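Each chain, written out:
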Amino acid sequence: MKRTMFTKMVALVTVFLLGTMTFYGCGNDSKSKEENSTKEIVIGVQDTDISAIVAYQKGFFDEVFKEKDIDAKVTLKMFDAGPAIMEAFSANSLEFGCLGDQPCISAIAVGCPAEIIGTYRTQKTGTAVIAAKKSGIQTIKDLKGKKIGLTLGSNAEHLLNIVLEDAGLTQDDVEIISLEQGDMVATMQSGEIDAAAVWEPRIQQTKDIAFRLADGEGTYDVNGKQVEAKDYKYFCNPFAANAEFSKNNPEATSAVLEGLARGAKYTDENTEDAINILADYTGVDAKVASASVNCEDRDVKLTDDKIDAFKATIDFLISSNQLDTSNENCVIKSADDIDQFINTSYYDHTDIEG
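Cut-offs used in this document
- Along each chain, numbering runs from 1 in the same order as the chain's sequence is written.
- Since the coordinates come from a predicted model, pLDDT governs what is reported: local features require at least 70, and pairs of side-chain atoms require 80 or more to be given and counted, while whole-chain, interface and lining totals use all residues.
- Side-chain measures here rest on the full set of heavy atoms in the structure, leaving out hydrogens and waters.
- Helix and strand definitions here come from DSSP, where helices need a minimum of 4 consecutive H or I residues and strands a minimum of 2 consecutive E residues; each element is numbered from the N-terminal end.
- A helix is expected to span 1.5 Å multiplied by its residue count minus one.
- The classification of residues rests on relative accessible area computed with a 1.4 Å probe and restricted to protein chains. Under 20% of the type maximum is buried, over 50% is exposed, and intermediate values are partly exposed.
- By definition in these notes, contact holds between two residues if any of their heavy atoms fall within 4.5 Å.
- Here the rule is simple: two strands pair whenever DSSP picks up at least two bridges between them.
- Whether a crossover is right-handed comes down to one check: with the strands pointing away from the viewer, does the path from the first strand over the helix to the second run clockwise; if it does, it is right-handed.
- Residues with no salt bridge and a relative accessible area higher than 30% make up the patches, which join like charges within 9 Å and nonpolar side chains (Val, Leu, Ile, Met, Phe, Trp, Tyr) within 5 Å.
- Residue burial considers only the protein chains on display, and all accessible areas are found by Shrake-Rupley using a 1.4 Å probe.
- Each reported salt bridge corresponds to a side-chain nitrogen of Lys or Arg within 4 Å of a carboxyl oxygen of Asp or Glu.
- Neither His nor the chain ends contribute to the count of charged residues, in which Lys and Arg are positive and Asp and Glu negative.
- Where a charge lies is defined by one atom per residue type, namely NZ (Lys), CZ (Arg), CG (Asp) and CD (Glu).

Asks: Got a sec to walk through helix α14 (residues 304-319)? Specific residues and values, please.
Replies: In this model α14 runs 22 Å from its N-terminal to its C-terminal C-alpha over 16 residues, within 8% of the 22 Å that 1.5 Å per residue would give. Here α14 has its buried residues at Lys306, Ile307, Ala309, Phe310, Lys311, Thr313, Ile314, Phe316 and Leu317. Buried residues along α14 sit against α6 (101-109), β4 (114-123), α7 (155-166) and β12 (235-242). A positive phi of about 60 degrees marks Asn321, the residue just after α14.

Quick look at the structure:
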């Protein structure tokens, strides 16, 4: 299967660079019109991004803005997956986003105006390759020739590629069915796909018809017992900022980070209530929602091990030819190049611990 995500992101970023930026950054006239009115700050989230959703629903973002005398208001915009969030960054219609490292890094590599300013979740088991119980699949090698649902450019694709490679396979050995995460459950129920690379709540939602074949910690049998422990992937999900906004609004950016941290703290200390908040906001059953909550570390601050996880992802993307370093538009040629797109300065004016 030919890779198209890199080419697609190049095109999207080119549109961004050639277009007119009307909200901030390149238009002094538009900025002067906005500076005396309340800034609407939009955060892109997915249906498992509990820290941001709790912070929004509990009013923590507004609380921090008031404390710091910042005239701004946060709104959330729901997305199905990370690649769409980065497309919104390139279209200059989003200030912040919660997403996986692969879509974030892939977009930054081709010039998407983003920087990584924190994290909102780290885990190893909340993303998995699942197989339909009626598919006859028992091991990763059994995926050969099977139809696999996949959200292209997502962290789930990264996991799929890793486990296929470990079994001596590639995407060319399977039939990839491009799907949004929201379509995975119904498509598997209908029998149109044999397996899928998904994240919560899809793993929990399909538990009656599918089983966890592999995740970041290893492989499993149809009964859920781990067959082999593997250090496949440490999923470190970045909290990204549109650099056009964050660099021009550092105080507001710090305030958003602090609000996110308060959402994480509340979730850790009031997990049951946080699960209900997530369920009410997303419409996902509370029992299903709890699966994505209990496997997470929600610490906001970037640490060396998290940055190392980003670099491991870059190494894999380069080695698997998913990051075209020969392309003149690619600004990430090696793992260390991500350092210039990581900005921890926004912690300086917050009460974030760690």
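Asks: How would you sum up the pairing of strand β7 (residues 175-178)? Please name residues and give values.
Replies: Here strand β6 (residues 147-150) pairs with β7 via four bridges, running parallel. Across the sheet, Leu150 pairs through a bridge with Ser178, a residue of β7. In this fold, β6 hands off to α7, which returns the chain to β7; that crossover is right-handed.

Asks: I'd like a rundown of a negative patch on the surface, residues and numbers included.
Replies: The grouping of Asp297, Asp304, Asp305 and Asp308 at the surface amounts to a negative patch. Summarising the element assignment, Asp305 is placed in helix α14. A residue is classified by how much of its surface remains accessible, and Asp305, at 42% relative accessible area, is partly exposed.

Asks: An account of unusual backbone geometry is requested, with residue identities and associated values reported.
Replies: Note the cis peptide between Glu200 and Pro201, where omega equals 10 degrees. Examined against the element boundaries, Pro201 turns out to sit in the loop between β8 (195-199) and α9 (202-205). Despite not being glycine, Asn321 shows a phi value in the positive range, around 60 degrees. Overall, the relative accessible area of 63% leaves Asn321 in the exposed class.

Asks: Can you lay out the pairing of β4 for me, pointing to particular residues and giving the numbers?
Replies: A regular strand places its side chains so that they alternate between the two faces of the sheet. Most of β4 is tucked away: 10 of the 10 residues are buried. Of the pairings in the sheet, the one linking β4 to β12 comprises eight bridges and is antiparallel in character. Looking at the pairing, Thr119 lines up with Pro238 of β12.

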